[in-house]
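# Fold and contact review
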Amino acid sequence: MKLIVAIVQDKDSNRLSGGLVKANFRATKLASTGGFLRAGNTTFMIGVDDSQVEAVMNVIRSSCKVREQLVTPVTPMSGTTDSYLPLPVEVQVGGATVFVLPVDRFEHF
């Protein structure tokens, strides 16, 4: 048995949740916050048999797409800000960060 932990951008959360339900996978959703852009994320915890891992990964791949987004950097922490002009920078967002962990024991009460 495996525990799949998938961290996705909030924009992809509903699409992934629907895809998992359609494929008959149960998941627990947790609200989380990303460190880089300080944007809202959703963390999915999905428990499956070893043979189902690739099917879940396919649902995640089809639901969570990488896209470009313009962000304005925060002001510098040190130095003078007199000449600082924050220009938008294009970064990649979205997609999913996925961890597949072994489960030694599972009980459902």
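For the structure itself, consult the block above.
My aim in this report is to walk through the structure given alongside it, one point at a time. (Residues numbered from 1 in each chain as written. Predicted model: local features only at pLDDT ≥ 70, side-chain atom pairs only at ≥ 80, totals over all residues. Heavy atoms only, no water.)

### Let's talk about the overall build of the chain
- Within the chain one finds two helices and six strands.
- Put simply, the chain has 109 residues, and 27% of those count as buried.
- A separation of at least 24 residues holds for 69% of the contacts in the chain among residues at least 6 apart in sequence.
- Of the roughly 7,700 Å² that the chain leaves accessible, carbon and sulfur atoms contribute 55%. (Helix = DSSP H or I, 4+ residues; strand = E, 2+ residues; numbered from the N terminus. Buried < 20%, exposed > 50% of the residue type's maximum accessible area, 1.4 Å probe, protein only. Contact = heavy atoms within 4.5 Å. Areas by Shrake-Rupley, 256 points an atom, 1.4 Å probe, with all protein chains shown as cover.)

### What to know about the nonpolar core
- Counting 15 residues, the largest nonpolar core has Leu-16, Leu-20, Val-56 and Ile-60 as the members making the most contacts within it.
- Those elements that provide at least two residues to this core are strand E1 (2–9), helix H1 (10–22), strand E3 (40–48) and helix H2 (53–63).
- In terms of residue count, H2 provides more of this core than any other element does, five residues in total. (Core = buried A, V, L, I, M, F, W, Y, C linked by side-chain atoms within 4.5 Å.)

### Side note on H2
- Among the residues of H2, Val-53, Val-56, Met-57, Val-59, Ile-60 and Ser-63 are the ones counted as buried. Buried residues in H2, looked at end-on, bunch into an arc of 155°, giving them a common side.
- Buried residues along H2 sit in contact with E1, H1, E3 and strand E6 (96–102). (Arc of directions from axis to C-beta.)

### Concerning unusual backbone geometry
- Non-glycine residue Asn-24 carries a positive phi angle of around 65°.
- Locating Asn-24 in the fold gives a position in the loop between H1 and strand E2 (28–33).
- Since its relative accessible area comes to 70%, Asn-24 is described here as exposed.

### Side note on the environment of Ile-46
- Mapped onto the secondary structure, Ile-46 falls in strand E3.
- A sequence separation of 18 residues divides Ile-46 from Thr-28, and the C-alpha atoms of the two residues are 6.6 Å apart.

### Here's the deal with the sheet that holds E2
- Reading across from one edge, E2-E3-E1-E6 is the order of the four strands in this open sheet, with antiparallel pairing throughout. The strands lining the two open edges of the sheet, one partner per strand, are E2 and E6. Strand-to-strand twist across the sheet, computed as the mean angle between neighbouring axes with direction ignored, equals 20°.
- Where H1 meets the sheet, it contacts E1, E2 and E3, and its direction lies at approximately 20° from that of E3.
- Contacts between H2 and the sheet are confined to E1, E3 and E6, with E1 contributing the most and set at about 5° to the helix. (Pairing = 2+ DSSP bridges. Axes fitted to C-alpha atoms, helices over the stretch in contact; angles between N-to-C directions.)

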